[in-house]
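# Secondary and tertiary structure notes
Listed below are the residues making up each chain.
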Amino acid sequence: MTFEEAFSVAGVTVIVTGAASGLGLAFTEAMAVGGANVVMLDLNPRRLSTQADRLKDLGYSIESHVLNVSDRKAVDHIYDQVAATYGGIDVVFSNAGIDPGPGFAALNEDGERDPANYLEQYADVRWQKVISVSLDAVFYSIRAAARHMRPRKSGSIIVTTSVSALRPAVTLGAAYAAAKAGAAQLVRATALELASDGVRVNAIAPGPFETDIGGGFMHQDEVRAKMAAGVPMGRVADVEEIKPLALYLASRASGFVTGQQFVIDGGLSLSAARA
Ligand SMILES: NC(=O)c1ccc[n+]([C@@H]2O[C@H](COP(=O)([O-])OP(=O)(O)OC[C@H]3O[C@@H](n4cnc5c(N)ncnc54)[C@H](O)[C@@H]3O)[C@@H](O)[C@H]2O)c1
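The sections below set out a description of the structure shown in this document. (Residues numbered from 1 in each chain as written. Predicted model: local features only at pLDDT ≥ 70, side-chain atom pairs only at ≥ 80, totals over all residues. Heavy atoms only, no water.)

## Some details on the overall build of the protein
What the protein contains, in helices and strands, is 9 helices and 7 strands. Its C-alpha atoms give the protein principal-axis dimensions of about 55 × 35 × 35 Å. Counting every position in the protein, which comprises 275 residues, the buried fraction comes to 49%. Restricting the contact set of the protein to residue pairs at least 6 apart, pairs at least 24 apart contribute 73%. A total accessible area of about 13,200 Å² is found for the protein, and carbon and sulfur atoms account for 55% of it. On the protein, the mean spot of the 24 positive side-chain charges and the mean spot of the 29 negative ones are 5 Å from each other. (Helix = DSSP H or I, 4+ residues; strand = E, 2+ residues; numbered from the N terminus. Buried < 20%, exposed > 50% of the residue type's maximum accessible area, 1.4 Å probe, protein only. Contact = heavy atoms within 4.5 Å. Areas by Shrake-Rupley, 256 points an atom, 1.4 Å probe, with all protein chains shown as cover. Lys, Arg positive; Asp, Glu negative; His and termini not counted. Charge placed at Lys NZ, Arg CZ, Asp CG, Glu CD.)

If you want it as structure tokens, here you go:
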């Protein structure tokens, strides 16, 4: 196999959740440019249609559907539909995620911690929302993908976790850390079950990437500078930097790799969590 053949995604069918923005959009572009048929799924109809139309105008094979990844029936339905349309599903990026809101050490406008973010006050609804999008939904996507991939004895599932899966971030809160660590272990457990049937499951654990998460706070210079200060490499990443890893995990280049979490964080996970 040549290098080119190993990294090829030409003609494969790819589903991306949270595809209208940030890392999901980068995954979409990486696959589309490589010649894949990409099905973009996202909760935000306006952003989704804007991005899907832009990529279609560039000549790429793109389909898009509005979907809430926490709606398990809708997830099953769309995965069945994609498999029927394209004759199978080869690659899934389970990526959709949300800003979990401030953690206990987040500072308010006066530069002080807000007791409303302390564990004792943490509302059930906040916990459930984060778990629903960042853990439950990952399970729904992996399960729906497995139904189509296992019979064909091939497939690659890639879950976006976070550095928070390895070390909790004081500004993001416990729910996010628990959801992402749960997703990482779900990747390992499902990889083990599916390995002998040729289906691979891996995770990408990003550090800070400049995306639109949380309404785009990462586009502010001072926010980026503050985040960069905590990263050994001294900067936050551009979404373009996720594309080579995505291509590696989606393609035959990683054909003997499963159950792994690939950290891409400028060294952030090397530093200890601090309160
Ligand atoms: N940006 C970072 O620094 C960073 C770091 C670590 C992990 N992550 C993870 O990366 C993933 C992508 O985040 P991003 O930074 O690109 O954010 P983003 O806000 O730019 O993109 C996320 C996309 O997911 C969609 N989405 C949200 N909830 C959804 C739902 N219920 N159903 C379907 N779509 C939904 C949004 O509409 C949005 O288009 C998330 O899982 C996030 O936790 C991001």
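## Digging into the packing of helix α2 (residues 22-33) against helix α9 (residues 243-250)
It is at 9 Å that the axes of α2 and α9 come closest, and there the two elements cross at 60°. Considering their axes alone, α2 and α9 lie oblique with respect to each other. Considering only the axes of α2 and α9, their crossing is right-handed. Counted together, A26, F27, E29, A30 and M31 of α2 and K243, A246, L247 and A250 of α9 form the full contact between these two elements. Taken together, the residues of the contact of α2 with α9 sort by class into 7 nonpolar, no polar and 2 charged. (Axes fitted to C-alpha atoms, helices over the stretch in contact; angles between N-to-C directions. Parallel < 35°, antiparallel > 145°, perpendicular 65-115°, else oblique. Left-handed = near helix turned anticlockwise from the far one by under 90°. Nonpolar A, V, L, I, M, F, W, Y, C, P; charged D, E, K, R; others polar.)

## A look at the sheet that holds strand β2 (residues 37-42)
Strand order in the open sheet made by the 7 strands is β3-β2-β1-β4-β5-β6-β7, with parallel pairing throughout. With one partner strand each, in any of the chains shown, β3 (62-66) and β7 (261-264) form the two edges of the open sheet. Averaged over neighbouring strand pairs, the angle between their axes works out to 15° when direction is ignored. Judged from the 4 bridges that link them, strand β6 (residues 199-206) and β7 form a sheet pairing that is parallel. Note that in β7 the partner of P206 across the bridge is I264. Of the strands in this sheet, β5 (155-160), β6 and β7 touch helix α6 (residues 174-194), which is tilted by about 160° from β6. (Pairing = 2+ DSSP bridges.)

## Here we look at α6
End to end, α6 covers 30 Å across 21 residues, agreeing with the expected 30 Å (1.5 Å per residue, within 8%). For α6, the set of buried residues is A175, Y176, A177, A179, K180, A183, A184, L186, V187, T190, A191 and L194. Contacts made by the buried residues of α6 are with α5 (124-149), β5, β6 and β7. (Expected span 1.5 Å × (residues − 1).)

## Some details on the site of the ligand
Taken together, 29 residues are adjacent to the ligand, and S21, D42, N95, Y176 and T211 come closest. The contact in question runs from a nitrogen atom of the ligand to an N or O atom on the backbone of L43, over 3.2 Å. Measuring from a nitrogen atom of the ligand, one finds a side-chain N or O atom of N68 at 2.9 Å. Protein coverage of the free-state accessible area of the ligand, which is 830 Å², stands at 94%. Put simply, the parts of the chain that give the shell around the ligand at least two residues each are α2 and α6. When grouped by side-chain class, the residues that make up the shell around the ligand number 13 nonpolar, 12 polar and 4 charged. (Near = heavy atom within 4 Å. Polar contact = N/O pair within 3.5 Å; in protein donor to acceptor, adjacent residues only side chain to side chain.)

## Details of the side chain of Q51
Along the polypeptide, Q51 turns up in helix α3 (residues 45-57). With residues up to four places along the chain from it excluded, the contact list for Q51 reads A20, L25 and M40.

## Comments concerning the packing of α5 against α6
Look at α5 against α6: their axes get within 8 Å of each other, and the N-to-C directions meet at 15°. With respect to each other, α5 and α6 are oriented roughly parallel. Both α5 and α6 take part in a crossing whose hand is right-handed. Contacts between α5 and α6 involve W127, V130, I131, S134, L135, V138, F139, I142 and A146 on the former and, on the latter, A174, A175, Y176, A178, A179, K180, G182, A183, L186, T190 and L194. Taken together, the residues of the contact of α5 with α6 break down into 16 nonpolar, 3 polar and 1 charged.

## Structural notes on the pattern of salt bridges
Applying the stated rule across the entire model yields 11 salt bridges. The partner of D197 in a salt bridge is R150, and the shortest N-O contact between them spans 2.9 Å. Within this pair, whereas D197 is found in the loop between α6 and β6, its partner R150 is found in the loop between α5 and β5, the two being separated by 47 residues in sequence. A relative accessible area of 28% places R150 in the partly exposed class. Notably, a salt bridge pairs K243 with E240, separated by 3.0 Å at the nearest N-O pair. (Salt bridge = Lys/Arg side-chain N within 4 Å of Asp/Glu carboxyl O.)

## Focus: the packing of aromatic side chains
Enumeration over the complete set of coordinates arrives at 5 aromatic pairs. Every member of this aromatic cluster is reached through a ring pair, and the members are F3, F7, Y248 and F262. (Phe/Tyr/Trp six-rings, centres within 6.5 Å; stacked < 30°, edge-to-face > 60°.)

## So, the pairing of β3
Bridge analysis of β2 against β3 gives 5 bridges, and the strand direction is parallel. Each residue of the ladder has a partner; that of V38, found in β3, is I62.

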